[in-house]
Amino acid sequence: MKQSDKRNSWKRITTLIIPYIFIVGLFKYVGTAVSEAYIDNKVIAAASTEQQLISSIFTLLGTFLVLFLFMKYIDKEPFLNLGFQYKNKGKDIFIGLLIGILIMGFGYVILVSFNQIKFISITFFYSDFLIVFVIFLSVAFSEEALFRGYILRNLMNSMNKNMALLVSAIIFTTMHALNQNITFIGLVNLFLAGILLGLPYIYTKNLWFPISLHFSWNFFQSLLGFNVSGKNSYSIVNFDLVEKNNFNGGDFGFEGSVLSVLSLTVLIILTMYYFNRYGNENKKTIFN
């Protein structure tokens, strides 16, 4: 690759920072105003589910606007080239959803079996269920488009793909480093999640599997009663932590647990094995 191409890739990423902060910040401001919440982290953290919904949708709109403008005028490519080509991606989406369900179900059963959590009740509200569904779908689309679709994609144009994956995972972790109730293990899990979500992309340059896994991981984590990256949201299952520790993740949620470290590590190894075994035969889709 030409040295100028490498510099341009880095330039696009660094140039993205200020417009992203300004435009997405403006959209979030408007979203917060619409939801009648004050622009204050403590207030937003305690905002109603409906306010979280509006905030997440406006964040998605702002993110997509920035990425659309950069793809059109800076990268000079169609927006879909971020990785939104959808032909024959049904199985990728299904398996991404399935992995999230299985990991969260496995984690919940293990923690109950080891008396780490105490079941209280089950509550189901259809409107809250749909709202949380949209919230985490919005988060998955906006974060995967930004971190994998744009940042990782450009890093791959400026360095070895494995190094690009590491750098993108570090950026992903850094952007979440100020999450509520963050812990060291939580940071480790965020980094491992960045690796796991980026691995399929460096082989396929397609976002549907990372989006579906990211959504499923967060959504079912929430429904089963865990905090998601330190944030509380609507849950169908209600439980108490017998003791807050690194085994159950404490207030950061399942992502703050050693179980999450184990789960993500196993998934990374399996994903690497799959692509090392079948990657050259299967560039267009993940699972045949």
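Cut-offs used in this document
- Residues numbered from 1 in each chain as written.
- Predicted model: local features only at pLDDT ≥ 70, side-chain atom pairs only at ≥ 80, totals over all residues.
- Heavy atoms only, no water.
- Helix = DSSP H or I, 4+ residues; strand = E, 2+ residues; numbered from the N terminus.
- Buried < 20%, exposed > 50% of the residue type's maximum accessible area, 1.4 Å probe, protein only.
- Contact = heavy atoms within 4.5 Å.
- Areas by Shrake-Rupley, 256 points an atom, 1.4 Å probe, with all protein chains shown as cover.
- Core = buried A, V, L, I, M, F, W, Y, C linked by side-chain atoms within 4.5 Å.
- Patch = residues over 30% accessible without salt bridge, like charges linked within 9 Å, V, L, I, M, F, W, Y side chains within 5 Å.
- Salt bridge = Lys/Arg side-chain N within 4 Å of Asp/Glu carboxyl O.
- Axes fitted to C-alpha atoms, helices over the stretch in contact; angles between N-to-C directions.
- Left-handed = near helix turned anticlockwise from the far one by under 90°.
- Nonpolar A, V, L, I, M, F, W, Y, C, P; charged D, E, K, R; others polar.
- Parallel < 35°, antiparallel > 145°, perpendicular 65-115°, else oblique.
- Expected span 1.5 Å × (residues − 1).
- pLDDT = per-residue confidence, 0-100.
- Phe/Tyr/Trp six-rings, centres within 6.5 Å; stacked < 30°, edge-to-face > 60°.
- Lys NZ or Arg CZ within 6 Å of the ring centre and 35° of its normal.

1. Overview of the overall build of the protein chain
In terms of regular secondary structure, the protein chain is built from nine helices and two strands. When the helices and strands of the protein chain are read in sequence order from the N terminus, they spell out α-α-α-α-β-α-α-α-α-β-α. Among the 288 residues that make up the protein chain, the fraction classed as buried is 51%. Counting only contacts in the protein chain whose residues sit at least 6 apart along the sequence, the fraction spanning at least 24 positions is 78%. Approximately 14,600 Å² of the protein chain is accessible, and the part contributed by carbon and sulfur atoms is 66%.

2. Let's talk about the environment of Gly107
By secondary structure assignment, the location of Gly107 is in helix 4 (residues 90-113). Looking at Gly107, the relative accessible area reads 0%, which means it is buried. Taking C-alpha positions, Gly107 is 7.7 Å from Phe254, a pair spaced 147 residues apart along the chain.

3. Comments concerning the nonpolar core
Ranked by size, the top nonpolar core spans 72 residues in total, and within it Leu16, Leu67, Leu82 and Phe84 carry the most contacts. By residue number, the principal contributor to this core is helix 5 (residues 126-156), which donates twelve residues. The contacts of Leu67, once residues within four sequence positions are left out, are Leu16, Phe79, Leu82, Ala145, Leu146 and Tyr150.

4. Some thoughts on a nonpolar patch on the surface
A cluster of nonpolar residues, Phe22, Leu26, Tyr29, Val30 and Val34, forms a patch on the protein surface that exposes about 510 Å² of accessible area. Relative to the assigned elements, Leu26 resides in helix 1 (residues 3-34). For Leu26, a relative accessible area of 44% gives the class partly exposed.

5. Examining the packing of helix 5 against helix 6 (residues 161-175)
Helix packing geometry: the angle between the two helix axes and the distance between the axes. Taken N-terminus to C-terminus, the directions of helix 5 and helix 6 make an angle of 145°; their axes are 9 Å apart at the nearest point. Every pair of crossing elements has a handedness; the one defined by helix 5 and helix 6 is right-handed. Between helix 5 and helix 6, the residues in contact are Glu143, Phe147, Arg148, Ile151, Leu152, Leu155 and Met156 and Lys161, Ala164, Leu165, Val167, Ser168, Ile171, Phe172 and Met175, respectively. Within the contact of helix 5 with helix 6, the residues separate by chemical class into eleven nonpolar, one polar and three charged.

6. Describing the packing of helix 3 (residues 49-74) against helix 5
Between helix 3 and helix 5, the shortest axis-to-axis distance is 9 Å and the interhelical angle comes to 25°. It follows from the interaxial angle that helix 3 and helix 5 lie roughly parallel. When you trace helix 3 past helix 5, the crossing you get is left-handed. In the contact of helix 3 with helix 5, the residues fall into 16 nonpolar, six polar and three charged.

7. Here's the deal with helix 4
Spanning 24 residues, helix 4 covers 35 Å between terminal C-alpha atoms, matching the ideal 34 Å at 1.5 Å per step. Those residues of helix 4 not exposed but buried are Asp92, Gly96, Ile99, Gly100, Ile103, Met104, Gly107, Tyr108, Ile110 and Leu111. Contact partners of the buried residues in helix 4: strand 1 (117-122), helix 8 (208-223), strand 2 (237-241) and helix 9 (258-278). Positive phi shows up at Asn115, right after helix 4, with a value of about 55°.

8. Details of the confidence of the model for the protein chain
Averaged over every residue, the pLDDT of the protein chain is 89; the share at 70 or more is 90%. For the protein chain, the element scoring lowest by mean pLDDT is helix 2 (residues 41-45), at 46; helix 8 scores highest, at 97. Segment residues 38-46: pLDDT under 50, and seven contacts once partners within four positions in sequence are set aside and those in other chains are kept.

9. Overview of the packing of aromatic side chains
This structure, assessed with the given rule, holds 23 aromatic pairs. Plain terms: the ring middles of Phe114 and Phe247 are 5.7 Å apart, the flat faces sit at 70° to each other, and that makes the pair edge-to-face. On the criterion of sequence distance, the pair formed by Phe114 in the loop between helix 4 and strand 1 and Phe247 in the loop between strand 2 and helix 9 is long-range, its members being 133 residues apart. Aromatic ring contacts, followed pair by pair, group Phe64, Phe68, Phe79, Phe84, Phe141 and Trp208 into a single cluster. Stacked on the ring of Tyr73, the Lys or Arg Lys72 has its end atom at 5.6 Å from the ring centre. Arg148 extends its terminal NZ or CZ atom over the ring of Phe172, reaching a point 4.6 Å from the ring centre.

10. Structural notes on the environment of Val132
Along the polypeptide, Val132 turns up in helix 5. For Val132, a relative accessible area of 1% translates into the label buried. In this structure, the C-alpha to C-alpha distance between Val132 and Ser233, residues 101 residues apart in sequence, is 7.6 Å. Excluding anything up to four places from it in sequence, Val132 contacts Thr49, Phe219, Ser222 and Tyr234.

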